Amino acid sequence: MHVDISLLGGFAVVVDGRAVAANAWGRRSAATLVKVLALRPGRQLPRERLVDLLWPDLLLEQAAPRLHKAAHYARTAVGIPSAVVLAGDVVALLPGAEVTVDVERFDRAAGDPSSVGDAIDLYRGDLLPEDLYEPWADAERQRLRVCYLQLLRAAGRWAELLVAEPLDEEAHLRLVQQHVESGDRGQALRQLDAMARLWRDELGAEPGPAARALHARAQAMPPVEPSALAPGSGSTRVPRPATPTVGREDDVAAVVSLLEDHRLVTLLGVGGVGKTRLAAEVAHAYGRATPHRTAYVDLTKVADAGLVAELAVSELGIRSGDNSNVVQMLHEALQRQDMLLVLDNFEHVVEAADLVSEMLQWSADLRVLVTSRARLRVAGEHVYEVHPLTVDGDEGLTDAVALFEQVATAVDPHFELGHHTEDVVAICRAVDGLPLAIEIAGGHLRTLSPALLRERLTSRLGSAAAAGRDLPDRQQTIPAAIDWSLQLLGPAEQRLFGLFSLFHGAVPLEAVEAVWADGDVVDPLSVLVDHSLVRRTTGYRNEPRFGMLSLVREHAARLVDGDRDAGRAAHAAFFASYLDDLYERRWTDATYRWLDDIGEMLHEVRAAHAWAAREGDLTLTASITASLGAYWFLEGNHAEGLRWIDEMLAVEDQLDPLVSARIRLAAGFMAFPSSRPEARTHWERATGLFRDLGETRLVAYGLAVTSATYIDDDERIDLAMQTNDEALELGRGVGSPALVAQVLNIRGELTRVAGRDEEARAAYEEGLQISSDLDDELYVSVFLSNLSYLADHRGDHEEARRLTHRALRICWSQGRRLMAAWTVSQLAGPEHALGRPELGAVLIGAGDEALRVLGARRHPGDVPEHDRVVAAIRAALGDERFEELRSEGARMTLDEALDLVLDRPRVEPARGMTDPDYRHLPAPVRLDDTIAEVDPEPPRDPEGDGNRDHYRALRDD
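Predicted, not measured: the structure shown is a model, and the values here were computed from it.

Participant: It is not clear to me how the overall build of the protein should be interpreted in this structure. Could you clarify?
Facilitator: From N to C terminus, the protein includes 47 helices and 14 strands. For the protein, long-range pairs separated by at least 24 residues make up 69% of all intrachain contacts whose partners lie at least 6 apart in sequence. For the protein, the accessible surface area stands at approximately 39600 Å², while carbon and sulfur atoms represent 48% of it.

Below, the structure written as structure tokens:
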């Protein structure tokens, strides 16, 4: 496995040729962790030193949860379980992979006199420009920059040296000297003029005697210009935004850096995302950083691609008179020009892309910055996608909310964000952080309160009443902005645009193909992506996904009328088949993977079910319902599951036998927490149908879950074990490791509750090994949780507490709320045994309330253990005190309860798997190698700071 890490000019990671998407990191701290380690020799650091660099204001124990969370998100983004390893006191990056870091390559080349040119080429920009204010990067950035400047000086690459260091006097003078020696009087004088302006602006002084001597020498040269039509002072200046630009600092730095290496950069994005504003900020920043001039051409002034050259000539301040050969005039004007040319709104004249390519050939020193909703698709084009502003963030004011506040205070000087934060965030989220939509929405605060605006948002965005008078017609409303792009599409692309409104989020390519009946969908889809009407993103495993901003989707729905019914039928059929495929995968794949796949497409699944039910398509409705039983059981969507299943059981006689049997399986899952006899009836019926159909794997599964209905039934434990024995034998025979692990877990439940702990332990440990081999973190957490009961039984309460903590960290890092709700009150037993019955009572209340909120019941295998612990804590505290503390816990959210028990690691990792009884357990169970912490931020305190301190005192007592 090979990993390329780029840090110079911007952060990027490529794993075996696959680039890790910028939005795959999940948390900024995950990317930062990788950056810091990549910069260190051997890509490793002592844990304490790493914490000092990343969270200097926190103690080690306070920062530990953040470190674990960052490591988890980094592993997920990179797609390598061992991407970040925390072993003992050392944190290491990619210890088992072949890793190339561009900083290391640069240092090696810079140290070899024969490789100076290679070193310069490797330096694509300053180290991590997106982290300019991070102290951990400052010294290394300065070292690398000084080395790069020395290399440029040694190689005599003066123009590049000036781009990097505009105030380098020697570089200015050397360039002037070169122009003088080549006989280019104009370029020499322009370089001297640029130097003089820079000296006055930045230093408040005039250039020294060497510059004056060169100026006199250049003045004395014959006045020969490369073109009498060179752009003069009449060229159009780049517009300056009338208000401060919000949230684009990183974008500006990134694009300026791109312009150093790429002569044609296209800012690509949907209408209203802020491309023109960003281009203006980039041009001004580029002008400040370099001696080059900037010029601006607004292409909305022409409607024909053939008029672009004429407009450019005019905007550059060239008087064409009666000369009809404007392309030749433009050619002569741009020859040997050091200029950044901004071409704004290129999408409707995209046929003129070849002209841009020609411009770059006419002048080697020309840079072109294009804004467009469509790619130019010419050689040398580098695309920079402009995304909407962030709405949700880990901390502080997000960019979208900050922009809304700016607009709101301009409309109403008395507006106070703190009084309306919830409404403002909801408004920004509803418009997907699109700057134009935020500005239009905020303008309505003249007449509507934020709460009313939130309620009436959709209709307001179609009104131009709140739009700025300075906005062009195409940006007065969101529909107008979208229509501007639609006019540039052909019939096929417009039809596909309408069909995209059938989707409720980002979907795989196969889903798009399913609703498109007119041949290969790739070409029209590529056009929609190129025009920024459809966004290409990545799924949680970096698969490509295609979707629309919600505002664009609403507009697209108006165009799909003729294709709506056929499209919805195809949509429903695809997602029914998608669920069938996942149902097959569940027997061999890690549980969390197929659960996450369902969760990622759940909006589409629900839409497909709703359509099928309305249309009376019993086959599709039943197929979708039959695939979701285990999902509902593990994720907590029980009310929805019960409703869908009851509807199908009412027409069971009309269903295919296999589908009917699978619905019976699902019905058993819904009944199991509240009525094991009812669940047994469903599962025995399903198992009989599976036997008749010859579905051996499903017979094994049916037998296994049926055996679970005898948990805590001492009189029928032998029948339960016989049933489980048959399930285990069949499961091993069909080669389904995930199925075998689930059968073993049920076997452990049966024997543990029956008091046969050694048998239970053998089943749990074998299941844990299988789940670890499958990288099935969800079932790893289940087995750890159950092993904690056995540790509690034998009196090792610290071990029980540690194992439960680790199980919680796994299920919480995966967002498994139901699993966390089942597990959090399990801590009450070891906490009580360790002398903290008050905390145990609080956790019991928190767990009970979390299950109530989720509409779920405690797992039957946990009920006897739970009842035993409740009775013991009640006896220790007395009824009144126990109920008081349980009520306190019930006022906590699940997030607060998890933060309470997990925000500080209590047991050192060395305690981990070194216990002789657990030494043989598989490596993936290690806390530091596999588990991310929950969010370590302080919880929302339901009763004030005093109550929060009280909870923590219970924990720490």
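Participant: What am I meant to see in the pattern of salt bridges here?
Facilitator: Two side chains with opposite charge may pair up if their charged atoms get near one another. The tally for this structure, following the rule as stated, stands at 42 salt bridges. Between Glu765 and Arg761 there is a salt bridge, with its nearest N and O atoms 3.0 Å apart. Taken together, the residues Glu765 and Arg761, both in helix 37 (residues 757–773) and four residues apart, mark about one turn of the helix. Of the two residues, Glu765 and Arg761, both sit in the buried class. The residue Asp848 makes a salt bridge to Arg886 at a minimum N-O spacing of 3.9 Å. Of this pair, Asp848 sits in helix 42 (residues 837–854) while Arg886 sits in helix 44 (residues 879–890), and the two are 38 residues apart along the sequence.

Participant: Looking at this structure, I do not really get the nonpolar core. What am I missing?
Facilitator: Core analysis: the biggest nonpolar cluster contains 192 residues, and Phe404 and Phe500 have the highest contact counts within it. In terms of nonpolar packing, the next biggest core, distinct from the first, is built from 64 residues, Ala38, Leu39, Ile80 and Leu127 among them.

Participant: Got a minute to help me understand the pairing of strand 1 (residues 2–6) in this structure?
Facilitator: Within a regular strand, side chains alternate between the sheet's two faces. When strand 1 meets strand 7 (residues 98–101), the two strands line up parallel, connected through four bridges. Note on strand 7: the bridge partner recorded for Ile5 is Val101. Pairing of strand 1 with strand 2 (residues 12–15), which is carried by four bridges, proceeds in the antiparallel orientation. Note on strand 2: the bridge partner recorded for Ser6 is Ala12. The antiparallel pairing of strand 1 with strand 2 creates a hairpin that spans five residues between the two strands, and Gly9 there sits at a positive phi of about 85 degrees.

Participant: How should I be thinking about unusual backbone geometry in this particular structure?
Facilitator: Most peptide bonds take the trans configuration, and most residues that are not glycine carry a negative phi. In this structure, Leu94 takes a positive phi of about 50 degrees despite not being glycine. Its place among the elements puts Leu94 in the loop between strand 6 (90–93) and strand 7.

Participant: Would you mind showing me how to read the packing of aromatic side chains here?
Facilitator: What characterises a pair of aromatic rings is the spacing of the ring centres plus the angle enclosed by the ring planes. On inspection of all chains with the given rule, the structure shows 17 aromatic pairs. Ring plane angle 75 degrees and centroid distance 5.4 Å describe the contact between Phe669 and Trp683, whose orientation is recorded as edge-to-face. Residue Phe669 is located in helix 32 (residues 657–671), and its partner Trp683 is located in helix 33 (residues 676–693); the two are separated by 14 residues in the primary sequence. According to the relative accessible area criterion, Phe669 is buried, its value standing at 7%. Ring centres of Tyr764 and Phe783 lie 6.3 Å apart, and the angle between their planes is 65 degrees; this geometry places the pair in the edge-to-face category. In this pair, Tyr764 is assigned in helix 37 and Phe783 in helix 38 (residues 777–793), connecting sequence segments 19 residues apart. You'll find Tyr764 and Phe783 in the same group, each marked buried. These aromatic residues form a ring-pair network of at least three members: Tyr583, Trp587, Phe633, Phe669, Phe672, Trp683, Tyr701 and Trp822. Geometry around Tyr583 places Arg586 over its ring, the cationic atom sitting 5.4 Å from the centre.

Participant: Can you walk me through a negative patch on the surface in this structure?
Facilitator: A surface patch of negative charge is lined by Glu510, Glu513, Asp520 and Asp523. Among the residues examined, Glu513 registers a relative accessible area of 38% and is labelled partly exposed.

Participant: Teacher, can you tell me more about helix 34 (residues 696–708) here?
Facilitator: Three- or four-residue spacings in an α-helix give side chains the same orientation, since the helix completes a turn every 3.6 residues. Relative to the 18 Å expected for 13 residues at 1.5 Å per residue, helix 34 spans 19 Å between its end C-alpha atoms, a close match to the ideal helical length. Burial of helix 34 is extensive: 11 of the 13 residues sit out of reach of the surface. Residues of helix 34 that are buried: Leu698, Val699, Ala700, Tyr701, Gly702, Leu703, Ala704, Val705, Thr706, Ser707 and Ala708. Contact partners of the buried residues in helix 34: helix 26 (564–585), helix 30 (629–635), helix 32, helix 33, helix 35 (717–734) and helix 36 (737–753).

Participant: So what exactly am I meant to see when it comes to the sheet that holds strand 10 (residues 339–344) here?
Facilitator: Where strands meet in a sheet, backbone hydrogen bonds hold them as pairs that are either parallel or antiparallel. Spatially, five strands are ordered 9-10-11-8-12 in an open sheet, and the strand pairing comes out parallel. The open sheet has two edge strands, strand 9 (293–298) and strand 12 (381–385), and neither has a second partner. Between one strand and the next, the sheet's axes are offset by a mean angle of 20 degrees, whatever the strand orientation. The pairing of strand 10 with strand 11 (residues 366–372) spans five bridges and is parallel. Across the sheet, the residue bridging to Leu341 is Val368, located in strand 11.

How each quantity is defined
- Within each chain, residue numbers correspond to sequence positions counted from 1 in written order.
- With the structure being a predicted model, the display of local features is reserved for residues of pLDDT at least 70 and the display and counting of side-chain atom pairs for 80 or more, all residues being used for whole-chain, interface and lining totals.
- No hydrogens and no water enter the side-chain calculation; it runs on all heavy atoms of the structure.
- Where helices and strands are cited, they refer to DSSP runs of H or I of at least four residues and of E of at least two residues respectively, numbered from the N terminus.
- Every residue pair with non-hydrogen atoms within 4.5 Å of one another is taken to be in contact.
- Each accessible area is a Shrake-Rupley result for a 1.4 Å probe, and residues are judged covered by the shown protein chains and nothing else.
- For salt bridges, the criterion is a side-chain nitrogen of Lys or Arg within 4 Å of an Asp or Glu carboxyl oxygen.
- For the exposure calls, accessible area comes from a 1.4 Å probe over protein chains only, and a residue counts as buried if that area is under 20% of its type's maximum, exposed if over 50%, partly exposed in between.
- Take the buried residues of types Ala, Val, Leu, Ile, Met, Phe, Trp, Tyr and Cys, join any two whose side-chain atoms come within 4.5 Å, and each joined set is a nonpolar core.
- Here a strand pair is declared whenever DSSP counts at least two bridges between the two strands.
- Within 6.5 Å between ring centres, the rings of Phe, Tyr and Trp (the latter by its six-membered ring) count as paired, and their orientation is classed by plane angle as stacked under 30 degrees, edge-to-face over 60, tilted in between.
- Both a distance and an angle decide whether a charge sits over a ring: NZ of Lys or CZ of Arg must be within 6 Å of the ring centre and within 35 degrees of the ring normal.
- Only residues whose relative accessible area exceeds 30% and that form no salt bridge are eligible for patches; like-charged ones are grouped when within 9 Å, while nonpolar side chains (Val, Leu, Ile, Met, Phe, Trp, Tyr) are grouped when within 5 Å.
- Under the counting rule used here, the positive set is Lys and Arg, the negative set is Asp and Glu, and His together with the chain ends is not counted.
- For this purpose, a charge sits on NZ of Lys, CZ of Arg, CG of Asp or CD of Glu.
- In a helix, the anticipated span is given by 1.5 Å times the number of residues less one.
- Structural elements are reduced to axes, namely lines fitted to C-alpha atoms, with helices fitted over the stretch in contact, and the angle between N-to-C directions of any two is expressed from 0 to 180 degrees.

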